[in-house]
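Listed below, chain by chain, are the residues.
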Protein chains: 2
Amino acid sequence: MTFQFVNPKMFVMGIVERKSRQKQALRERILDAARRIVMREGFAALSMRKIADAIEYSPATLYLHFASRDEIAQTLCAEGYAQLLETFVPLAQIADPAERLKALGRAYVAFGVAHPETYRLIFMEDPSYTGAALGGAATASGKTNLAPAKADDDPGDAALHIMLTALEELKAAGRLSASMDLAVWAEAFWATLHGIVALNLTCPVFPGAPLDTVVGVALDTWLGTQSAGQPQRAARSARAGGKKKSAEAPAELHAEAGGEPAAQPSQPSQPAARAGKKATKPAGASANEPATKPKAASA
Amino acid sequence: MTFQFVNPKMFVMGIVERKSRQKQALRERILDAARRIVMREGFAALSMRKIADAIEYSPATLYLHFASRDEIAQTLCAEGYAQLLETFVPLAQIADPAERLKALGRAYVAFGVAHPETYRLIFMEDPSYTGAALGGAATASGKTNLAPAKADDDPGDAALHIMLTALEELKAAGRLSASMDLAVWAEAFWATLHGIVALNLTCPVFPGAPLDTVVGVALDTWLGTQSAGQPQRAARSARAGGKKKSAEAPAELHAEAGGEPAAQPSQPSQPAARAGKKATKPAGASANEPATKPKAASA
DNA sequence: GTCTATAGCGTGATAGAC
DNA sequence: GTCTATCACGCTATAGAC
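About the criteria used
Residues numbered from 1 in each chain as written. Chains lettered and ligands numbered in written order. Predicted model: local features only at pLDDT ≥ 70, side-chain atom pairs only at ≥ 80, totals over all residues. Heavy atoms only, no water. Helix = DSSP H or I, 4+ residues; strand = E, 2+ residues; numbered from the N terminus. Buried < 20%, exposed > 50% of the residue type's maximum accessible area, 1.4 Å probe, protein only. Contact = heavy atoms within 4.5 Å. Areas by Shrake-Rupley, 256 points an atom, 1.4 Å probe, with all protein chains shown as cover. Phe/Tyr/Trp six-rings, centres within 6.5 Å; stacked < 30°, edge-to-face > 60°. UniProt positions renumbered as here; feature names shortened; annotations may be inferred. Arc of directions from axis to C-beta. Salt bridge = Lys/Arg side-chain N within 4 Å of Asp/Glu carboxyl O.

Enquirer: Which parts of the structure should I look at to understand the overall build of chain A?
Expert: Looking only at helices and strands, chain A features 11 helices and 0 strands. When the helices and strands of chain A are listed from N to C terminus, the series reads α-α-α-α-α-α-α-α-α-α-α. Looking at chain A as a whole, 50% of its 299 residues qualify as buried. Counting only contacts in chain A whose residues sit at least 6 apart along the sequence, the fraction spanning at least 24 positions is 70%. When the accessible surface of chain A is totalled, it reaches about 13900 Å², and 58% of it is carbon and sulfur.

Next up, the structure:
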């Protein structure tokens, strides 16, 4: 036979690899399409049919790559969270712990307003999505998932760890009450940032203040007023006669606070979600979930 | 004729009134059923069919009382917001402005965790619902809607006004930076409370700290440390100088902070929507909305 | 005023041909 | 691996009989 001297396995392996690459590529296309839909129309509008239309495959094909719509959503969450974490990395180098925390806070808020639908998906939709993000961010990030079960990172706690480290330094420097429970402080601080983002995403009630200003006041309140490097001691904000400087604007507040390029276009034009009438239908939907009406864009 | 001495109009008017009462009663039954569904299964699971089933009428009948599912949702929002405002009323009597703000903050958070689905509906779902709540709370509250167009109240700003008043007192007393923009401070403060509630409702990520503790730290940070020991005994704490111990728990944090009975059972058990995996599929649905908006059914 | 029936649409997911 | 076809739902909203 013509091929008798060649190990057939070589061909097989090459074919297997090619198929694997193709499969992986399609998986990425699916996720890309899903990401675009979520950003443009909100998570509630994400459906298997729409994704299939976008990539020009049949809906049934999607199920060869993802077990369900939920699995796609969770993957998006993990990706988004990894993206958020990347934003934090360079900020961890800031020497002064208070300034570091402020920078992290600004980056967090900036991410939320820059990627509203991603933020919603991760932190405002369904706890199971939040869990997926925190638990699966490592595999979703740059690393290949050839060793997905590694989990030596647990990226879910990465952000928390960065925060707690800064807090410990702060306490060690006597700039935070020695009896303060750091975990509690961290949670309350995070809640403040989350509240600012969430309010901006769904409640345009206070059109009043510019986001930067609000963030500035919040950070000053939690971490004390200090311009740049000037370490100031204790000086908690709202003390009785205490501080009286005004709120200084925190300067920069852009999407890429860390100087990192964002994969997501973001700022899509406020997905019909809040712009149009209906917005994001909640949904956790399973069966049907007629989803959102935000057809605005498509039509 | 037997009835010749009686003005037929008297009968007519009585009949009209009876019919009006019956109609109003059915309207209330519809809202009751809707409220129960939202509390039990989440807003996403609210559908005309379910409401109709619950009150044992056909779906078509609902449209004689409400133009759409959305109108029902907005009415619920307005009711819920009115309920929240009622919680605030007694607290406005607290003399010390800082203590007043703390009590308001605790009441706010308590309301959020006591009525999670109502809170979601008002502040976390759709901006148009938030608007409906803030704009329509007066008519939804106790008052009859015989004079619905009155709008001399604008309850939407009521809460904000209470807060700003307290802030002005605080500033006047020198306990707040003279240059602080009160509106900004108010927004950031509200964001903190909202963040605490929102995080608790959708992100059981930090199981760590008890809610009371987190709220306590947040209030101390924003308003200075001073005992919050007893509920609202007019707070003897004349000024800030007083206590400075670490974060102490703020004591009470129950749903009925104001001492008012809540109509809603609340604490339904995390609607299947987010609790269980798939269970009750949410189904958001503005299903079709046949492009044409001409709903405007007769009232 | 109330109902039955249904139009019209959208969904998640699967079976089975190719 | 991909598609067509379809099942089995659930939804909003309306027409028209009674």
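Enquirer: How should I be thinking about the packing of aromatic side chains in this particular structure?
Expert: Where two aromatic rings form a pair, the distance of their centres and the angle of their planes describe that pair. Across all of its chains, the model carries 16 aromatic pairs over all chains by this definition. Through a chain of ring-to-ring contacts, the aromatic side chains of Y108, Y119, F123 and W190 of chain A assemble into a single cluster.

Enquirer: Would you mind going over the UniProt feature "DNA-binding region" (unreviewed entry) in chain A with me for this structure?
Expert: In the numbering used here, UniProt assigns the "DNA-binding region" (unreviewed entry) feature to residues 47–66 of chain A. Annotated as residues 47–66 of chain A, this span is 60% helix and 0% strand, and its ends, taken at the C-alpha atoms, are 13 Å apart.

Enquirer: Any chance you could explain the environment of A82 of chain B here in plain terms?
Expert: Residues and elements named next belong to chain B. In this structure, A82 sits in helix α4 (residues 69–88). A residue is classified by how much of its surface remains accessible, and A82, at 6% relative accessible area, is buried. A C-alpha to C-alpha distance of 8.6 Å links A82 and L134, two positions 52 residues apart in sequence.

Enquirer: I'm lost on helix α2 (residues 48–55) of chain A in this one. Help?
Expert: Structural remark: α-helix, 3.6 residues per turn; residues separated by three or four positions point the same way. All names here are of chain A. Along α2, the positions that sit buried rather than exposed are M48, I51, A52 and I55. All buried residues of α2 fall inside an arc of 100 degrees around its axis, so they share one side. Those residues of α2 that are exposed and angled more than 90 degrees off the buried face are R49 and D53. One or two steps after α2, the chain reaches E56, where phi turns positive at roughly 60 degrees.

Enquirer: Quick question: what am I supposed to make of unusual backbone geometry here?
Expert: It is generally the case that most residues other than glycine have a negative phi and that most peptide bonds are trans. Here the phi dihedral of E56 of chain A falls at roughly 60 degrees; this positive angle occurs in a residue that is not glycine. Here E56 of chain A is to be found in the loop between α2 and α3 (59–62).

Enquirer: What am I meant to see in the pattern of salt bridges here?
Expert: Pairing between side chains becomes possible if they bear opposite charge and their charged atoms approach one another. Residues and elements named next belong to chain A. One pass over the full model with this rule turns up 14 salt bridges over all chains. Residue R35 is joined to D32 by a salt bridge in which the shortest nitrogen-to-oxygen separation is 2.8 Å. Of this pair, R35 and D32 are both found in helix α1 (residues 8–41), 3 residues apart, which corresponds to roughly one turn of the helix. The exposure class of R35 is buried, given its relative accessible area of 17%.

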